[in-house]
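The primary structure of each chain is shown beneath.
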Protein chains: 2
Amino acid sequence: MKNKLKIYRAIKNVTQAQLADEIGVSRQSINTIEKGKFVPSTVLALKFARFFEVAVEEIFSLEDND
Amino acid sequence: MKNKLKIYRAIKNVTQAQLADEIGVSRQSINTIEKGKFVPSTVLALKFARFFEVAVEEIFSLEDND
DNA sequence: ATTTTTTGTAAGGTTTACTTTACTTTTAGT
DNA sequence: ACTAAAAGTAAAGTAAACCTTACAAAAAAT
């Protein structure tokens with residue numbers, strides 16, 4: 001699965017730390033999710049979508065290996 | 001987080017076992033996700049959405065305690 | 001009513017998300 | 001160039017997702 005977190009973070013102009021605070025996770029979680037190192041839960045996906053005011057599918061998308 | 005999996009399963013007329021097969025998880029996973037016993041990963045959420053041909057937010061929604 | 005299908009639930013195990021702390025590297029500001 | 005902020009990475013621990021097997025309960029079919 002790939003994601004556009006870095007892009008949406010740039011659009012909203014928030015740091016990983018600020019986003020972590022908004023979503024309620026650690027900064028490292030934001031970093032590793034953003035880098036695709038692990039797959040976040042659906043609760044987090046919904047929170048990202050709500051924060052960035054876009055659909056979950058706009059941020060996260062399936063890849064062939066999923 | 002709550003979900004409408006049972007409803008969408010009814011609409012598409014598929015059993016938990018069939019859905020599990022489509023999504024690529026065990027039937028018990030479908031059952032426990034459907035009953036809200038645990039939160040699926042975003043990959044699973046995207047797969048549910050793709051299978052039911054609706055947005056993730058249409059199936060899964062945040063609650064106050066999330 | 002009996003059989004078959006579907007759903008619910010439980011135990012035990014493996015994998016992975018997510019945490020904290022902490023350090024390094026990169027980017028931005030002055 | 002120096003400093004500060006942001007991002008990247010790592011290790012070790014905890015919590016939770018997801019698995020398999022198995023069985024009970026409920027619903028549907030005949």
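Here's what I pulled together on the structure shown here. As the structure is a computational prediction, the values presented were derived from the model and not from experiment.

Another aspect to go through is helix H2 (residues 16-23) of chain A. Residues and elements named next belong to chain A. Within H2, burial applies to Gln16, Leu19, Ala20 and Ile23. All buried residues of H2 project into a common sector of 105° when viewed along the axis, lining one side. Pointing more than 90 degrees away from the buried face of H2 are the exposed residues Asp21 and Glu22. Close packing links the buried residues of H2 with helix H1 (5-12), helix H3 (27-34) and helix H4 (42-52). Two residues or fewer after H2 comes Gly24, characterised by a positive phi angle close to 90°.

This brings us to the interface of chain B and chain A. On the side of chain A, 19 residues touch chain B, which itself brings 19 residues to the contact. The junction of chain B with chain A conceals about 1500 Å² of combined surface from both sides, 73% of it contributed by carbon and sulfur atoms. Area buried by chain B at its contact with chain A is led by Thr42, Leu46 and Leu62 of chain B, which between them contribute 40% of it. Inspection of the region where chain B meets chain A yields 0 salt bridges. The tally of links from chain B across to chain A stands at 6 residue pairs in polar contact (both at pLDDT 80 or more). Those elements that provide at least two residues to the side of chain B that touches chain A are helix H4 (42-52), helix H5 (56-59) and strand E2 (60-61) of chain B. Here the side of chain B that touches chain A is composed, by residue class, of 12 nonpolar, 3 polar and 4 charged.

In the neighbourhood of DNA strand C, 19 residues make up the surrounding shell, with Gln28, Ser29 and Phe38 of chain A together with Gln16 and Arg27 of chain B lying closest. For DNA strand C, the backbone makes up 63% of the atoms found within 4 Å of the protein, where backbone means sugar plus phosphate. Between DNA strand C and Arg9 of chain B there is a distance of 2.9 Å, counted from a phosphate oxygen to a side-chain nitrogen or oxygen. Listing elements by their share of the surface near DNA strand C, those giving two or more residues are H3 of chain A together with helix H3 (27-34) of chain B. Taken together, the residues that form the surface near DNA strand C break down as 5 nonpolar, 9 polar and 5 charged.

Enumeration over the complete set of coordinates arrives at 6 salt bridges over all chains. A salt bridge links Lys12 of chain A to Glu53 of chain A, with the shortest nitrogen-to-oxygen separation between them at 3.2 Å. Of the two residues, Lys12 of chain A sits in helix H1 while Glu53 of chain A sits in the loop between H4 and helix H5 (56-59), which places them 41 residues apart along the sequence. For the salt bridge of Arg9 of chain B with Glu34 of chain B, the shortest nitrogen-to-oxygen distance reads 2.8 Å.

Cut-offs and rules
- Residues numbered from 1 in each chain as written.
- Chains lettered and ligands numbered in written order.
- Predicted model: local features only at pLDDT ≥ 70, side-chain atom pairs only at ≥ 80, totals over all residues.
- Heavy atoms only, no water.
- Buried < 20%, exposed > 50% of the residue type's maximum accessible area, 1.4 Å probe, protein only.
- Helix = DSSP H or I, 4+ residues; strand = E, 2+ residues; numbered from the N terminus.
- Arc of directions from axis to C-beta.
- Contact = heavy atoms within 4.5 Å.
- Buried area = accessible area lost by both parts, 1.4 Å probe.
- Salt bridge = Lys/Arg side-chain N within 4 Å of Asp/Glu carboxyl O.
- Polar contact = N/O pair within 3.5 Å; in protein donor to acceptor, adjacent residues only side chain to side chain.
- Nonpolar A, V, L, I, M, F, W, Y, C, P; charged D, E, K, R; others polar.
- Near = heavy atom within 4 Å.

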